[in-house]
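What follows is each chain in one-letter form.
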Amino acid sequence: MPATEPLEDTPSTQVGPRIREFRKQRGLTLRSLASRSGLSIGFLSQVERGISSIGLTALGSVATALGQSVSDFFDETPAAPHEPVVVPLPSHFTLTRAENAATQYVSGQQTYRMLSERGAGLVLEPMLVHIAPGGQRENAYGHAGEEFAYVITGELLYEVDGVEHRLRPGDSVHLRSAVPHRMYNDTDAVTTVVSVVTPRLF
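Residues numbered from 1 in each chain as written. Predicted model: local features only at pLDDT ≥ 70, side-chain atom pairs only at ≥ 80, totals over all residues. Heavy atoms only, no water.

(A) Local environment of unusual backbone geometry. Residue Thr198 is joined to Pro199 through a cis peptide bond whose omega torsion reads -5°. Its location among the elements puts Pro199 in the segment after β9 (191-197). Phi is positive for Asp161, which is not a glycine, with a value near 55°. Turning to its location among the elements, Asp161 is positioned in the loop between β5 (156-160) and β6 (163-167). (Helix = DSSP H or I, 4+ residues; strand = E, 2+ residues; numbered from the N terminus.)

In structure tokens form, the structure reads like this:
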């Protein structure tokens, strides 16, 4: 998907309601979920009501707190029109061809295209992320692991520990994810980023 084209206008509006549904199933208050996930009550309330979007790493913490997998918050991905031939590979690596359909998730302004299949013992989560302009800024947030982001097209404001850095094509950032951070596209075009995080989200 070229970075200059608008993102499909079918965001996963079910993420917020599903957080509320799973939270209530477990008899948790917003305060309890906030405490378990490390996110603020106000932010979680906005996400549940569809006012704010939530990134995959933050959603990963919510999923862990609720005993769910991240994929439980999204609709099932339709099967590809032509299913690729699956060749068994050793468990220590995966091989993903360009022509194979990639799993894609939409959360608010961000579309995540997963760049590799699951592999036993592999801990990196590589993604191609398209970030649409505008939307609500997420709260700065820290979590376990590390993350790396490399800008391919567009510009991105990446805040780390309260300091904003403007990333342009060719720029990258690598951090321990425990440091509070957030990103935001304040331009009028889609920004495309290669992102790698640990641990795996799916």
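Now that the structure has been shown, the text picks up again.
(B) Just helix α3 (residues 41-48), in detail. By the burial criterion, the buried members of α3 are Phe43, Leu44, Ser45, Val47 and Glu48. Lining the buried residues of α3 we find α1 (15-25), α2 (30-37) and α4 (56-66). (Buried < 20%, exposed > 50% of the residue type's maximum accessible area, 1.4 Å probe, protein only. Contact = heavy atoms within 4.5 Å.)

(C) The packing of α1 against α4, seen in detail. At their nearest, the axes of α1 and α4 sit 10 Å apart, and the two run at 20° to each other. Between α1 and α4, the crossing angle belongs to the class labelled roughly parallel. Handedness of the α1/α4 crossing: left-handed. Counting all contacts with α1, which are made through Val15, Ile19, Phe22 and Arg23, the residues of α4 involved are Leu59, Val62 and Leu66. (Axes fitted to C-alpha atoms, helices over the stretch in contact; angles between N-to-C directions. Parallel < 35°, antiparallel > 145°, perpendicular 65-115°, else oblique. Left-handed = near helix turned anticlockwise from the far one by under 90°.)

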